[in-house]
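Breakdown of the fold
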Amino acid sequence: MIVDAHHHLWDRSRHDHGWLDSPGLEAIRRDFTPADLAAETTATTVAVQALNSAAETRDLLAADGPVAAVVGWADLTSEACGDELDALAAAPGGEKLRGLRHLAQDEPDPRWLTRTDVARGLSAATDRGLAFDLLVRGPQRAAALDLARALPGTSFVVDHAGKPDIGAGEWDSWAAWILDLAALPNVACKLSGLVTECPPRPWSRELIAPYARHVLESFGADRVLFGSDWPVCLLEASYAQVRELTVDLLDGAADAERDAVLGGTAARVYRL
């Protein structure tokens with residue numbers, strides 16, 4: 001069972017994806033549909049929100065094709081968060097809602113994740129069996145660690161291995177953070193999004209391998225998930241190249257470890 005635990009879909013006629021207007025994003029400044037995804041992979045997939053928008057989440061839930069689960073969005077700071085989650089679950093395709101994510105990396109407050117109202121919303125999500133994806137860069141990493149420690153009953157998934165600045169050679173602080181997170185049994189980590197952390201250097205197996213190895217050695221294969229980060233990956237590599245890179249990075253792993261990273265861990269975390 002192959003599971004792509006992280007990809008996106010978007011329709012700019014339905015939602016304002018203004019972030020795509022940023023310079024350098026020309027290669028993905030178009031719509032990406034379930035049909036486009038099906039042309040790239042036959043794997044079971046997990047669609048992940050790209051906007052802090054419940055309306056976008058409803059569209060992802062209703063998507064057809066290979067999408068088996070959705071990591072959506074709800075306003076964690078709202079006192080009515082639980083009601084909103086129940087409404088999403090009752091919407092068409094609502095049974096596919098398996099997790100939530102907030103674009104914490106874009107919040108002006110790097111400690112946003114540690115807010116009391118966020119914890120209240122996450123408790124409502126946990127009560128409904130939902131995981132929470134952590135989308136952070138360097139400034140938000142400490143808050144993400146504090147949150148995961150404070151809520152041991154919540155299942156957390158680190159997106160894109162915490163976005164290490166591979167192109168700049170970031171290592172020490174990121175590597176220590178990964179070790180601290182891996183010490184928490186309620187945290188898993190996605191082996192995803194690393195090709196787009198390499199610029200200005202061109203991505204290569206040799207450049208990415210030390211980061212992937214550290215994630216795998218720290219978390220163990222049973223807490224690591226493959227994700228393509230398609231179509232964002234197209235800024236640097238094709239879907240096939242990302243998939244082949246991941247398989248190559250698992251060279252030498254036991255069959256059970258490969259099976260876990262390429263599908264088993266995602267199936268467990270997102271209840272596929």
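It should be noted that the structure appears before, not after, this text.
A brief structural summary. Model, not experiment: these values are computed from the prediction. (Residues numbered from 1 in each chain as written. Predicted model: local features only at pLDDT ≥ 70, side-chain atom pairs only at ≥ 80, totals over all residues. Heavy atoms only, no water.)

1. Let's talk about the nonpolar core
- Ranked by internal contacts, the top residues of the largest apolar core, which has 78 residues, are L100, L113, F156, W177, L181 and F219.
- Per-element tally for this core: the top contributor is helix 7 (residues 205-219), with eight residues.
- With 13 residues, the next largest nonpolar core counts V3, V46, A131 and V269 among its residues. (Core = buried A, V, L, I, M, F, W, Y, C linked by side-chain atoms within 4.5 Å. Buried < 20%, exposed > 50% of the residue type's maximum accessible area, 1.4 Å probe, protein only. Helix = DSSP H or I, 4+ residues; strand = E, 2+ residues; numbered from the N terminus.)

2. Overview of helix 2 (residues 54-62)
- Along helix 2, the residues that are buried comprise A54, E56, T57, L60 and L61. For helix 2, the angular spread of buried residues about the axis comes to 150°, placing them on one side.
- With a side-chain oxygen lying 3.3 Å from the backbone nitrogen of A55, the N-terminal cap of helix 2 falls on S53. (Arc of directions from axis to C-beta. Polar contact = N/O pair within 3.5 Å; in protein donor to acceptor, adjacent residues only side chain to side chain.)

3. Description of the packing of aromatic side chains
- Across all of its chains, the model carries seven aromatic pairs by this definition.
- On the numbers, 5.1 Å between centres and 70° between planes, the contact of W171 with Y211 is edge-to-face. With a gap of 40 residues between them, W171 in the loop between strand 6 (156-158) and helix 6 (172-182) and Y211 in helix 7 connect regions that are remote in the sequence.
- Residue classification places W171 among the partly exposed positions, given a relative accessible area of 31%.
- The structure contains a cluster of three or more aromatic residues connected by ring pairs, namely W10, W19, F32 and W230.
- Over the ring of W177 we find R141, and its NZ or CZ is 5.6 Å from the ring centre. (Phe/Tyr/Trp six-rings, centres within 6.5 Å; stacked < 30°, edge-to-face > 60°. Lys NZ or Arg CZ within 6 Å of the ring centre and 35° of its normal.)

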